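# Remarks on the overall topology
One-letter residues, chain by chain:
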Amino acid sequence: MSTAALKWWETAVIYQIYPRSYQDSNNDGIGDLPGITSRLDYIANLGVDAIWISPFFKSPQKDFGYDVSDYQDINPEYGTLDDFDKLLDKAHSLGLKVMIDIVPAHCSDQHSWFKQSRQSRDNVKADWFHWVDPKADGSPPTNWLSFFGGPAWSWEPRRQQYYLHNFLSSQPNLNHANPQVQEAYADIARFWFERGVDGFRLDAVHTINADSEPYKDNLANSDFVLGEMPQQQQPFFRQLHDSAQLNQPGIQAFSESFRAVADEYDDIYLMGELHGDDPIKASQTFTAPGRLHATYNFNLLQWEGLTVKEIKLAITKAISAFNGTGRLSFAFSNHDVPRSATRQMSRMGLKEDQRQALQLLLLKLESCLIGSTCVYQGEELALEDVTDIPIEKMQDPWGIEFAPVFLGRDTCRTPMVWTSNKSNGGFSKANSTWLPIDPKHLQNAALDEAAKPDSVYNQFAAFLKWRKSQPAIMSANTMSEITGSDTQIVFDRISDQQTLRCIFDFESLCVTFETVHVRESKG
Ligand code: BGC
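These remarks concern the structure in this document. Model, not experiment: these values are computed from the prediction.

As for its placement among the helices and strands, His111 is situated in the loop between β5 (97–102) and α4 (112–117). Its relative accessible area of 5% is what places His111 among the buried residues. In terms of polar contacts, His111 uses its side chain to reach the backbone amide nitrogen of Trp113, at 3.0 Å. Setting aside its immediate chain neighbours within four residues, His111 contacts Val68, Ser69, Asp70 and Tyr71.

The next point concerns the environment of Arg158. Among the structural elements, Arg158 can be located in the loop between β7 (153–156) and β8 (161–164). By relative accessible area, Arg158 is classed as partly exposed at 48%. Separated by 37 residues in sequence, Arg158 and Arg121 have C-alpha atoms that sit 8.6 Å apart.

Glancing now at the site of the ligand. Every residue close to the ligand is listed here: Asp63, Tyr66, His106, Phe148, Phe167, Arg201, Asp203, Glu273, His335, Asp336, Arg409 and Arg413. Side-chain polar atom of Asp336 to an oxygen atom of the ligand: 2.5 Å apart, as the coordinates give it. Between an oxygen atom of the ligand and a side-chain N or O atom of Arg409, the distance comes to 2.9 Å. Within the complex, 95% of the 300 Å² of free accessible area of the ligand lies under protein. Its residues assigned to classes, the shell around the ligand shows 3 nonpolar, 2 polar and 7 charged.

Moving on, we come to the sheet that holds strand β11 (residues 294–296). A barrel is described by the order of its strands in space; here 8 strands give the closed sequence β1-β2-β5-β9-β10-β11-β12-β13, paired in parallel fashion. In this sheet, adjacent strand axes meet at a mean angle of 25° when their direction is disregarded. Sheet topology places β11 next to strand β12 (residues 328–331); 2 bridges connect them, and they run parallel. Bridging across to β12, Tyr296 finds its partner in Ser329.

Applying the stated criterion to the full structure yields 49 aromatic pairs. Ring geometry for Tyr42 versus Tyr457: centroids 4.8 Å apart, planes at 25°, classification stacked. With Tyr42 in helix α2 (residues 40–46) and Tyr457 in helix α13 (residues 456–467), the pair connects residues that are 415 residues apart, well separated along the chain. The buried category is assigned to Tyr42, whose relative accessible area is 6%. The exposure class of Tyr457 is buried, given its relative accessible area of 4%. Centre to centre, the rings of Phe491 and Phe504 are 5.7 Å apart; their planes meet at 25°, and the pair counts as stacked. A residue pair is termed long-range when its members are at least 10 positions apart, and Phe491 in strand β14 (residues 488–494) and Phe504 in strand β15 (residues 498–505) qualify at 13 residues. Using a relative accessible area of 1% as the deciding quantity, one classes Phe491 as buried. The exposure class assigned to Phe504 is buried, which follows from its relative accessible area of 0%.

Our next topic: the sheet that holds β14. With respect to topology, 3 strands assemble into an open sheet ordered β14-β15-β16, the strand pairing being antiparallel. Of all strands in the sheet, those bounded by a partner on one side alone are β14 and β16 (510–518). This sheet shows a mean twist of 15° between the axes of neighbouring strands, independent of strand direction.

Moving on, we come to the packing of helix α3 (residues 81–93) against helix α5 (residues 179–195). In contact at an axis separation of 10 Å, α3 and α5 are set at 55° when each is read in the N-to-C sense. With respect to α5, the axis of α3 lies oblique. Contacts between α3 and α5 involve Leu81, Phe84, Asp85 and Leu88 from the first element and Phe191, Trp192 and Arg195 from the second. Residues belonging to the contact of α3 with α5 are distributed by class as follows: 5 nonpolar, no polar and 2 charged.

In this structure the tally under the stated criterion is 26 salt bridges. The salt bridge partner of Asp203 is Arg201, with a shortest N-O separation of 2.7 Å. Note on accessibility: Asp203 and Arg201 belong to one class, buried. For the salt bridge of Arg355 with Glu384, the shortest nitrogen-to-oxygen distance reads 3.7 Å. Residue Arg355 is found in helix α10 (residues 355–368), and its partner Glu384 is found in the loop between β13 (372–376) and α11 (397–402); the two are separated by 29 residues along the sequence. The two residues Arg355 and Glu384 agree in class, both being buried.

What follows deals with the environment of Thr515. With respect to the helices, strands and loops of the structure, Thr515 is situated in strand β16. For Thr515, a relative accessible area of 41% translates into the label partly exposed. It is 16 Å that separates the C-alpha atoms of Thr515 and Leu369, two residues lying 146 residues apart in sequence. Those residues in contact with Thr515, other than ones at most four positions away along the chain, are Gln498, Thr499 and Leu500. Only 3.4 Å separates the side chain of Thr515 from the side chain of Gln498, close enough to count as a polar contact.

Before going further, it helps to examine unusual backbone geometry. For the bond running from Ala403 to Pro404, omega is 5°, close enough to zero to count as cis. Tracing the backbone shows Pro404 in the loop between α11 and α12 (446–450). Unlike most non-glycine residues, Gln61 shows phi in positive territory, near 65°. Summarising the element assignment, Gln61 is placed in the loop between β3 (57–58) and β4 (70–74). With a phi close to 50°, Asn424 is a non-glycine residue in the positive phi region. Within the fold, Asn424 resides in the loop between α11 and α12.

Conventions and cut-offs
- Residues numbered from 1 in each chain as written.
- Predicted model: local features only at pLDDT ≥ 70, side-chain atom pairs only at ≥ 80, totals over all residues.
- Heavy atoms only, no water.
- Helix = DSSP H or I, 4+ residues; strand = E, 2+ residues; numbered from the N terminus.
- Buried < 20%, exposed > 50% of the residue type's maximum accessible area, 1.4 Å probe, protein only.
- Polar contact = N/O pair within 3.5 Å; in protein donor to acceptor, adjacent residues only side chain to side chain.
- Contact = heavy atoms within 4.5 Å.
- Near = heavy atom within 4 Å.
- Areas by Shrake-Rupley, 256 points an atom, 1.4 Å probe, with all protein chains shown as cover.
- Nonpolar A, V, L, I, M, F, W, Y, C, P; charged D, E, K, R; others polar.
- Pairing = 2+ DSSP bridges.
- Axes fitted to C-alpha atoms, helices over the stretch in contact; angles between N-to-C directions.
- Phe/Tyr/Trp six-rings, centres within 6.5 Å; stacked < 30°, edge-to-face > 60°.
- Parallel < 35°, antiparallel > 145°, perpendicular 65-115°, else oblique.
- Salt bridge = Lys/Arg side-chain N within 4 Å of Asp/Glu carboxyl O.

Next comes the structure, spelled out in structure tokens:
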């Protein structure tokens, strides 16, 4: 297979930006689009291929942008559509693709669709959400629970019916069995493709609800064990979800209609975030021909971190169904889990002075796997998780619901710092920032690190440049089975031209590569 046969996204290293915490340009303590634009050189110099920006659409920010009230406008605190166009132009001029984050499963209760729908049983949007009569005893239609705690159904007195929400009650689930809803998302997609975006990360596609009634109860999860981590103790995990609450077969009508719109444009990438009882099976379903290009894999994102043995198993499981394809995307960190350096250091019993070497190893490991890779802002600096945010300063609704037992997701969402000796680390000139800045992060402020030849940032940049010259990684998506001792991960990447052995040693924290075979290029 020659390099030309692969699409950009099949080997892409994608840098995830959480816009609220990247760079503030108007001194309100909140990151924004012009702020991101001003930092694009820093991202391009790292050598990544694309950026993915978490949602910046109009939103009451109850779930920090994953509750959209207008998909075709920008939340004023993040800027304007004109600011977005400038960001896009600059990113493209630097050779970066731009992916944005669409939320198809639910919107905000402040969206005009829901405001209208909840008014009566017979308005024009009456059937855009999941409205269901109570059972004879008045209780909700099913036993479904919300990811964020409590039942997944809330009562609407005007309609005398329950509506479904898999997350907050202010995030009502759309009814994707209604063709008008799918048409609305097709219009939204075209709106952004026309502006020039190169792809979408599709949020929580397994939670799209497209089943027609009757709704089925989730079954009890007989394998449930009370994990040590508070996050694993939530009642939500005592149920099995696939085909009842989640991963319903009807969702694929949405995947297909969204893909058809993407195919009206050139070189678009659709990456669906999904989970469920059997994510591999769900990923196969979601990436069947004519559906999404790839899914975002959670195997390396375990909240409690993974041992070397568990990482081996996690990768082996993920690639089992996808070896030879670019239909999956790996990540060690994102805006929903504790930062990878902290998580993995603690799980592997490593010390603070090993943090940077470990982070570099993890970054290289994920970028040597098949498919695309998503690197979360701050991983290139080996930033630590921030676990000492006072309860009164917490922002994440999930954390607020379960604090102090469970801290939620603020710990990985604190603002980036750029220069150690500027106020708020150069993130903002405001008196205070939306989440507190961790003084520890100032030791690894981004521009300071970019100026140090041996920083994680520069070593990762050098690695990414070298990676581009390796046919085994860039021109095929095939890897051997994983071998190595208990403290090593070893595998080959294999293309027509080259077999490249990749050796990750978790004892010395060194990564080595050996070209086992170089073959004549077949042209
Ligand atoms: C996003 C979360 C969000 C949830 C609901 C996810 O999977 O990554 O940040 O809270 O979807 O939209």
